[in-house]
Amino acid sequence: MSKTLHHRACHLCEAICGLTLETTQAHDGSLAITSIKGDAQDSFSRGHICPKAVALQDIQNDPDRLHQPMLRVGSQWQPIPWEDAFALVAERLSGIQARHGQNAVAVYQGNPSVHNYGLMTHSNYFLGLLKTRNRFSATSVDQLPHHLTSHLMYGHGLLLPIPDIDHTDFMLILGGNPLASNGSIMTVPDVEKRLKAIQTRGGKVVVVDPRRSETAAIADQHLFVRPGGDAALLFGLLNTLFTENLTRTSHLPVEGLEAVRHAIAGFTAEAMSSQCAVPSEQIRQLARDFAAADKAVCYGRMGVSTQAFGTLCHWLVQLINLVTGNLDRVGGALCTTPAVDLVASTGGGHFNRWQSRVSGRPEYGGNCRCRPWLKKCSPPATGKSARW
Ligand code: SF4
């Protein structure tokens, strides 16, 4: 029996940890995974691994795992060749769309597919050919406010500044629980050690969350906020930064900041306190602490996205980083330089070109954003045909 080591990336979640897999080849040529470990030489994940990746061999070795396409014939399943399966899918998809219209086909993309680089780089071509407006994904469930904010502020929905967790002195987290998510929309394997490293080098981690999350439990400070009150808290922070002259000049070309200062003049910490259930003095002190840190970053995630003021929250998060000089700065919120640069190679996105069929919500980037927690879906006033 011969053993081989393979270096791979786990694509079960955004952390993309490096893995070292050991396979053993038996005398009959069959391969078996004999070990899965975190790759200590991966400079990003540094050997980190979680139980999900260890369990990958259970998926690989599952006796129920399909090794070829199956076709249901009556109540039976029959194996068919891949070529036949592709031909059948193409025929059925085009037949359904020819009979019932392009939107009769819907697409949902979950996390394992959007973290797979093959699907990430190529699925858009296929989906573009489908020309359906019924596209849903993990993105449309919980992160479209990030993309819409970047589209409106920076001109591209995928230009998402991420917290420079390894260099910051002050990390303010709203509506995020990186210890459970492994750092969603910041790609941070081994996030617990990285957060604790901020504290070890004398920095501070502050969590704003209506519940004592796992991340809040290890933070230096936890502020309980009224659910849905994050925008009010962020307004209070931004207003304090302006009125107490806690802002710092940015090297970035910025337009409209005076208009923002003017527009939020009434959103004082005192006025916002009753909206977010955080005492005004705590809001002001948080703004002072944030501004006093040499390098600070404000990060908002799912809890500030899946709510009535999701896009507003992310706009405020970006502004807080910007006015304190922490946008596009080491230790602040950094723009990324990925190997496959989707910002350079794709369009910037689009918004409200059409509205969803039932509740009349605007699309973003071809995704329909469902927000059933806001209100019961009701037919649009102008009738279905006007929406499609
Ligand atoms: S945290 Fe776990 S699931 Fe996520 S990439 Fe790393 S090993 Fe995979």
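Our subject is the structure that appears above.
In what follows, the accompanying structure is described. Nothing here was measured: the structure is a model prediction, and the numbers come from that model. Numbers given to residues run from 1 along each chain, matching the order in which its sequence is written. Two thresholds apply to this predicted model, a pLDDT of at least 70 for residue-level local features and 80 or more for giving and counting side-chain atom pairs, whereas whole-chain, interface and lining totals are computed over all residues. Only hydrogens and water are set aside when side-chain values are computed; all heavy atoms of the structure are taken into account.

### Examining the side chain of asparagine 326
And step 1. Numbering of helices and strands runs from the N terminus, with a helix taken as a DSSP run of H or I at least four residues long and a strand as a DSSP run of E at least two residues long. Structurally, asparagine 326 is set in the loop between α16 (310-323) and β13 (333-334).
And step 2. Partly exposed residues are those whose accessible area sits between 20% and 50% of the maximum for their type, while under 20% is buried and over 50% is exposed, using a 1.4 Å probe and protein chains only. For asparagine 326, a relative accessible area of 0% translates into the label buried.
And step 3. Polar contacts here mean pairs of N or O atoms no more than 3.5 Å apart (in protein, one a potential hydrogen donor and the other a potential acceptor; neighbouring residues in sequence count only if both atoms are side-chain atoms). In this structure the side chain of asparagine 326 is engaged in a polar contact, spanning 3.2 Å, whose partner is the backbone nitrogen of alanine 296.
And step 4. By definition in these notes, contact holds between two residues if any of their heavy atoms fall within 4.5 Å. Here asparagine 326 is in contact with Arg248, Phe290, Asp294, Lys295, Ala296, Asn321, Gly332 and Ala333, once residues within four sequence places are set aside.

### Observations concerning the sheet that holds strand β3 (residues 31-38)
As a general point, the strands of a sheet are linked pairwise by backbone hydrogen bonds and lie either parallel or antiparallel.
And step 1. Strand order in the open sheet made by the 3 strands is β1-β2-β3, with antiparallel pairing throughout. Edge positions in the open sheet fall to β1 (2-9) and β3, since each of these has one partner strand only. Strand-to-strand twist across the sheet, computed as the mean angle between neighbouring axes with direction ignored, equals 25°.
And step 2. DSSP calls a pair of strands paired once it identifies at least 2 bridges connecting them. Inspection of the sheet shows β1 paired to strand β2 (residues 18-25) by 8 bridges, in the antiparallel sense. Paired with lysine 3 across the two strands is threonine 24, which belongs to β2. Only the stretch in contact is used when fitting a helix axis, every axis being a line fitted to C-alpha atoms; angles between N-to-C directions are given from 0 to 180 degrees.

### Some details on the site of the ligand
And step 1. In the vicinity of the ligand, the residues found are Cys10, Leu12, Cys13, Ala15, Ile16, Cys17, Cys50, Lys52, Ala53 and Asn182.
And step 2. Taken together, the residues that form the shell around the ligand break down as 8 nonpolar, 1 polar and 1 charged. Note on definitions. A residue lies near a molecule or strand when any single heavy atom of the residue is within 4 Å of it. When residues are grouped by polarity, Ala, Val, Leu, Ile, Met, Phe, Trp, Tyr, Cys and Pro land in nonpolar, Asp, Glu, Lys and Arg in charged, and all others, Gly among them, in polar.

### Concerning the pattern of salt bridges
And step 1. For salt bridges, the criterion is a side-chain nitrogen of Lys or Arg within 4 Å of an Asp or Glu carboxyl oxygen. For the structure shown, the criterion picks out 13 salt bridges.
And step 2. Residues arginine 329 and aspartate 294 are paired through a salt bridge, measuring 3.3 Å at the closest nitrogen-oxygen approach. Placement of arginine 329 in the loop between α16 and β13 and of aspartate 294 in the loop between α14 (280-292) and β12 (296-300) is noted, with a sequence separation of 35 residues between them.
And step 3. One salt-bridge network, held together by shared partners, links Glu244, Glu270, Glu281, Arg284 and Arg288.

### Thoughts on helix α13 (residues 269-276)
And step 1. Every buried residue belonging to α13 is among Ala269, Met272, Ser273 and Cys276, and all of these are buried. Each buried residue of α13 sits inside an arc of 120° when the element is viewed along its axis, so together they form one side.
And step 2. Where the residues of α13 are buried, they touch α11 (230-243) and α14.
And step 3. The first or second residue beyond α13 is alanine 277, which carries a positive phi of 65°. Working definition: the arc comes from the directions between the helix axis and the C-beta atoms, pointing outward to the latter.

### Examining the nonpolar core
And step 1. Residue types Ala, Val, Leu, Ile, Met, Phe, Trp, Tyr and Cys, when buried and joined through side-chain atoms within 4.5 Å, form a set referred to as a nonpolar core. By size, the foremost hydrophobic cluster in this structure holds 54 residues, and its most contacted members are Met171, Leu172, Leu234 and Leu238.
And step 2. Among the secondary structure elements, those contributing two or more residues to this core are β9 (170-174), α9 (191-200), β10 (204-208), α11, α13, α14, β12 and α16.
And step 3. A total of 9 residues in this core trace back to one element, the largest contributor, which is α11.
And step 4. Sequence-distant contacts of methionine 171, that is, excluding residues within four places in its chain, are made with Pro163, Ile165, Met186, Leu195, Ile198, Lys204, Val205, Val206, Val297 and Tyr299.

### Considerations on the side chain of glutamine 318
And step 1. Locating glutamine 318 in the fold gives a position in helix α16.
And step 2. Setting aside its immediate chain neighbours within four residues, glutamine 318 contacts Thr149, Met153, Tyr154, Pro161 and Leu327.

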